[in-house]
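Structural overview
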Amino acid sequence: MSEYLLITDKENDWPDAPTSLTIVTAKSYLTNPDWSKRSNLRVVNLCKSQRYLGVGYYTSLLSEARGHRVIPNVRTIQDLSHKAIYSLDTENLNKRVHRILSRRKSGVDTQPFKINVYFGQSELANLQLVARDVFEIFPAPLLLIEFQIKKGDWRIDTIRPRHLSELTEYERTDFGKALEQYLGKRWRRPKGPSAARYDLAILYDPKEKMSPSNRKAINALVKAARKFSIETELIQKQDYGRLAEFDALFIRETTRIDHHTYRFARKAAREGMVVIDDPESILRCTNKIFLAELLRTHRVATPKSVVIRPNSLLELEQELPYPIVLKIPDGAFSLGVYKVEDRTELRQTAKKLFRRSELLLAQEFTPTEFDWRVGILNRRVIYVCKYYMSAKHWQIVNHAVKGKSREGGFETLDVAAAPDAVVKTALKAANLIGDGLYGVDLKQIGQRVVVIEVNDNPNIDAGIEDAVLGPELYETIMAEFLRRLEL
């Protein structure tokens, strides 16, 4: 039997909640290890702030990492954070909105108005179908939808999450009833239409300094696609409006959540396109705290890791010896990763990083001569590399060099020549994310192999990752696109 858990900011956020429900504070859920060990939990996230990297965001993020079913999930939180994202999904609903609301009388009834939606239930009977459809796209406990007339037609103008503190006592009663009704239903996700043609868009920024693919590799991908009758076109962020012209999307830019790469991935998925990186993989891989919790839950070895809040720095010293590695959750290419040698550096660095995120990840310092990188596509290893540390530096990329970053050397191996423990550990980690294209970074200390992170858009550079397979590497990737298109 599943247990239902309501997460709020404070214990008294919902004083008149039904007694049958278990309410836990976000602080307890995020920091008490007992919750991370529980299974079969269905989590309703009622935190007030669900901004990116805020407490509410992390509540949903770690719920997913722990295998708990959560509403809203991180994807819904992110989708509702930008009108530019959700307005695309509501466009089809506006025909129904206008058909219903145009029957209203003129005059006062043409003024903008708002409705609450509790788990897909509308407080206005005539807008129940609209409320249900919005909930199917954006599964969230409590939404406020505003309707306005624009160019003579009624439309959905804004959708935003609401908090319990904004509700009247009467409204909270209705919310409680909708919640109890909803908890008895199966939780599901929306599906998109299937693809039919073979046109591939490659999202690529030729000006990006640390692009996951160099121009020679991009050319090789285009050439390989032709062998599978896939037409390709290089697109950039200004081509967002053209995305629906294609059947598939391959993102060859560094992905981030609050970034056009995520918006492209999400729109492609909603259009039913084949997309690598898919939005779920981006959400999971770009946050190191999610990854740490996911790997810990599934017993994948990592350096000892501790999630810290601003008031827990001194407790960290009891857990990890100096030097300690501090990581901002969404850093990439060694950015946002700092090594601190003592308490003074810890406080100074943490203070700066906490301006960006409510939580940070601290890890034991694990020095090695090189990191392993295992490239995986659809749960199969496609390349293995050693990335050596930059000269006189503890990371592969040294961003502290004046003028430009400096990288260490590399060595590409035949997959069969790679240590079995490295390959198996990488596969186990990547399979927890999905069946996309991933690069798993690992360290090997004697017989011990630990996962550092899983990247959703790993490097595929001509002259490095393709050093063993050559053109076959690019053909392997395009063969996977073809397989997914034909499905």
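About the cut-offs
Residues numbered from 1 in each chain as written. Predicted model: local features only at pLDDT ≥ 70, side-chain atom pairs only at ≥ 80, totals over all residues. Heavy atoms only, no water. Helix = DSSP H or I, 4+ residues; strand = E, 2+ residues; numbered from the N terminus. Rg over C-alpha atoms; globule rule 2.2 N^0.38 Å. Buried < 20%, exposed > 50% of the residue type's maximum accessible area, 1.4 Å probe, protein only. Contact = heavy atoms within 4.5 Å. Areas by Shrake-Rupley, 256 points an atom, 1.4 Å probe, with all protein chains shown as cover. Lys, Arg positive; Asp, Glu negative; His and termini not counted. Charge placed at Lys NZ, Arg CZ, Asp CG, Glu CD. Phe/Tyr/Trp six-rings, centres within 6.5 Å; stacked < 30°, edge-to-face > 60°. Axes fitted to C-alpha atoms, helices over the stretch in contact; angles between N-to-C directions. Left-handed = near helix turned anticlockwise from the far one by under 90°. Pairing = 2+ DSSP bridges. Core = buried A, V, L, I, M, F, W, Y, C linked by side-chain atoms within 4.5 Å.

Each helix and strand counted, the protein has 16 helices and 23 strands in total. By the compact-globule yardstick of 23 Å for 487 residues, the protein fits well, its C-alpha radius of gyration being 24 Å. Put simply, the protein has 487 residues, and 54% of those count as buried. Considering only contacts in the protein between residues 6 or more positions apart, those separated by 24 or more positions represent 68%. On the protein, roughly 22,800 Å² of surface is accessible, and the fraction owed to carbon and sulfur atoms is 48%. The positive charge centre, built from 75 side chains, and the negative charge centre, built from 63, are 2 Å apart in the protein.

Turning our eyes to something else, we now look at the packing of aromatic side chains. Tallied over the entire structure, the rule returns 13 aromatic pairs. Relative to phenylalanine 175, the ring of tryptophan 14 lies with its centre 5.4 Å away and its plane at 55°, an arrangement referred to as tilted. Linking tryptophan 14 in the loop between strand 1 (3–8) and strand 2 (22–25) with phenylalanine 175 in helix 8 (residues 169–182), this pair joins segments that are 161 residues apart in sequence. Residue classification places tryptophan 14 among the buried residues on the basis of a relative accessible area of 4%. For phenylalanine 175, a relative accessible area of 0% puts it in the buried group. Measuring from centroid to centroid gives 5.1 Å for tyrosine 52 and tyrosine 57, while their planes differ by 85°, and the two rings are edge-to-face. According to the relative accessible area criterion, tyrosine 52 is partly exposed, its value standing at 22%. Ring pairs connect the aromatic residues Trp14, Tyr118, Phe119, Phe135, Phe175 and Tyr182, which therefore count as one cluster.

Turning next to the packing of helix 12 (residues 288–297) against helix 15 (residues 420–433). Closest axis-to-axis distance for the helix 12/helix 15 pair is 11 Å, and the angle between their directions is 115°. Crossing hand, helix 12 versus helix 15: right-handed. The segment helix 12 lies against helix 15, with Leu291, Leu294 and Leu295 engaging Ala429, Leu432 and Ile433.

So, on to the sheet that holds strand 18 (residues 380–388). Read from one edge of the open sheet, 5 strands run 21-18-17-22-23, paired in antiparallel fashion. Whereas interior strands pair on both sides, the edge strands pair on one side only; in this sheet they are strand 21 (410–413) and strand 23 (448–455). Taking the axes of each pair of neighbouring strands and ignoring which way they run, one obtains an average angle of 25° across the sheet. Bridge count for strand 18 against strand 21 is 4 bridges, and the pairing is antiparallel. Bridge assignment links tyrosine 387 to a residue of strand 21, and that residue is phenylalanine 410. Along the sheet, helix 15 makes contact with strand 17 (370–377), strand 18, strand 22 (437–445) and strand 23, crossing strand 22 at roughly 140°.

Let us look at the nonpolar core. Grouped together as the largest cluster of nonpolar side chains are 67 residues, with contacts concentrated most on Leu249, Val440, Leu442 and Val454. Residues contacting valine 440, with those up to four places away along its chain left out, are Trp372, Arg373, Val374, Ile376, Ala426, Ala429, Ala430, Val451, Glu453 and Val454. Counting 29 residues, the second largest nonpolar core, distinct from the first, contains Ile202, Val222, Ala248 and Ile276.

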